[in-house]
Amino acid sequence: MIAIVDYEMGNLFSIYNALDHIGASPQIITQPSELQKADGIVVPGVGSFGMCMERLGPFERNLREALEKGVPILGICIGMQVLFERSEESPEAHGFGWLEGEVIRLPADVMIPQMGWNDISINSKVEILDGISEGDRFYFVHSYHCVPADNSLVVATTNHGVDIVAVISRDNLCATQFHPEKSGPKGLMILENFVRSTRC
Amino acid sequence: MLAKRIIPCLDCDLGVPNGRVVKGIEFKQIRYAGNPSELASRYYLEGADEIVFLDITASHERRDTMVNVIEKTSRSVFVPLTVGGGISSMKDARSAFKAGADKITLNTAAIRRPELITEIASRYGNQAVVVAIDAKRRLGREEGRIVIDSPEGECWYECSIYGGREFTGIDAIAWASEAERLGAGEILLTSMNRDGTYDGFDIPLTGAVSSNLNIPVIASGGCANAQHMLEVFQETKASAALAASIFHFEEWTIEGCKRYLAERGIPVRL
């Protein structure tokens, strides 16, 4: 079972439908304790950083336990940003801080939010990128982007005024700034790669 | 670099079970084009970057049909879905988002009550609110209007509401900037003079609006072929081109349009 963390911020059908479409068994989870039986966990991205952390708070301990047990976790969009320590979007809020670094606003001279299909550059060929090629395009919608302290976890980037972290991967944790569930066949491929990692 | 988007638009008559896609000419005569969710799936497989559904029946009793169409479509279509036509309140917006829409478009309701843009944007994000503008060219110079040059001489553009049935006196170019200020994430700009004519996009209008704004502008109305798309991307700052009939009646495929554009140096998702 792939758990989709529902923190009541809106539409989770897209991610549910995408996982269902590729033959995974998604389940929308509203109770933190239900995460214990998940083979994989998706932290979707909706809303602002601060709002997201407020709603995710009750799930934090169970998510951390799953991470330490080696359960594959996929963060999407804001679900990637909350893995870091803090964000300029909500300076008062604390992120999970599983990864060192922060989230900052896109540069002022580009279109904000970045909205649309951007191409990625691949730094390192990891499982989550199986079948994905340099230059493939994914659907991004965001105004802030992640700046990790440790660049080795950045496996793909895109460019929107500046280089932007598109995909990170470290052990059983991976995350995308773009929305794989809205990125057509290539996005579904990313989700398939994630689901495959939950079956090992 | 962001790709220019190609967006098929499905004008839906929801007065029949499952709805049907229709296409008008200059906002009037109607031709039928098929079932909304089936067409959406076909366009997804052909490489549509996004799909727009517009409810042209726009009566509240039929809202359930739209919810069904979105729900059904979102099971097999994995690109952003935009829904509009008759959305006039937070409640309407919520039901569209709940059914699986990623963005909603506001037209008449935003003109009548501009704060609605801000209200929906602050709940669902700016990117989720598209303000649709139906603009009609008015020749001549008029006090207080943004006047631009067109092949027929100086003109300004007037906003229409209720699907082209009523004119507002509001300057469309100025309204687009106001919509951005109020929190719109995108403008869907339809030229009423070009809609359904196959004469190509309204370049002066699209150019004026897109160079005024920082948010993306979707050019709409008049597209007959990939050359028209090339023209709008080369001559204006439009981020996306929307077309209906050429896809519905299989005159061009989305993939065919994209290949044509890619060969001429326009960044697209292939």
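Structure's up top.
Keep in mind the model is a prediction, meaning the values are calculated, not measured.

A. Representation of the overall build of chain B in the model. On a plain count of helices and strands, chain B comes out with 10 helices and 13 strands. Here chain B has a C-alpha radius of gyration of 17 Å; the compact-globule value for 270 residues is 18 Å, and the two agree. The dimensions of chain B, computed from C-alpha atoms along their principal axes, are 50 × 45 × 40 Å. Taking as baseline every contact in chain B between residues at least 6 positions apart, the subset at least 24 positions apart corresponds to 64%. Summing over all exposed atoms, chain B offers an accessible surface of approximately 10,500 Å²; the carbon and sulfur share of this is 47%. With 31 positive and 36 negative side-chain charges, chain B shows a separation of 4 Å between the mean positions of the two kinds.

B. Summary view of the interface of chain B and chain A. Taken together, the contacts link 31 residues of chain B with 26 residues of chain A. Interface area for chain B against chain A, summed over the two sides, is near 2,200 Å², with a carbon-plus-sulfur share of 59%. For the pair chain B and chain A, the number of links is one salt bridge. Counting residues per element, the side of chain B that touches chain A draws most heavily on helix H3 (residues 90–99) of chain B, at three residues. Along the lines of polarity and charge, the residues of the side of chain B that touches chain A split into 15 nonpolar, six polar and 10 charged.

Parameters and conventions
Residues numbered from 1 in each chain as written. Chains lettered and ligands numbered in written order. Predicted model: local features only at pLDDT ≥ 70, side-chain atom pairs only at ≥ 80, totals over all residues. Heavy atoms only, no water. Helix = DSSP H or I, 4+ residues; strand = E, 2+ residues; numbered from the N terminus. Rg over C-alpha atoms; globule rule 2.2 N^0.38 Å. Contact = heavy atoms within 4.5 Å. Areas by Shrake-Rupley, 256 points an atom, 1.4 Å probe, with all protein chains shown as cover. Lys, Arg positive; Asp, Glu negative; His and termini not counted. Charge placed at Lys NZ, Arg CZ, Asp CG, Glu CD. Buried area = accessible area lost by both parts, 1.4 Å probe. Salt bridge = Lys/Arg side-chain N within 4 Å of Asp/Glu carboxyl O. Nonpolar A, V, L, I, M, F, W, Y, C, P; charged D, E, K, R; others polar.

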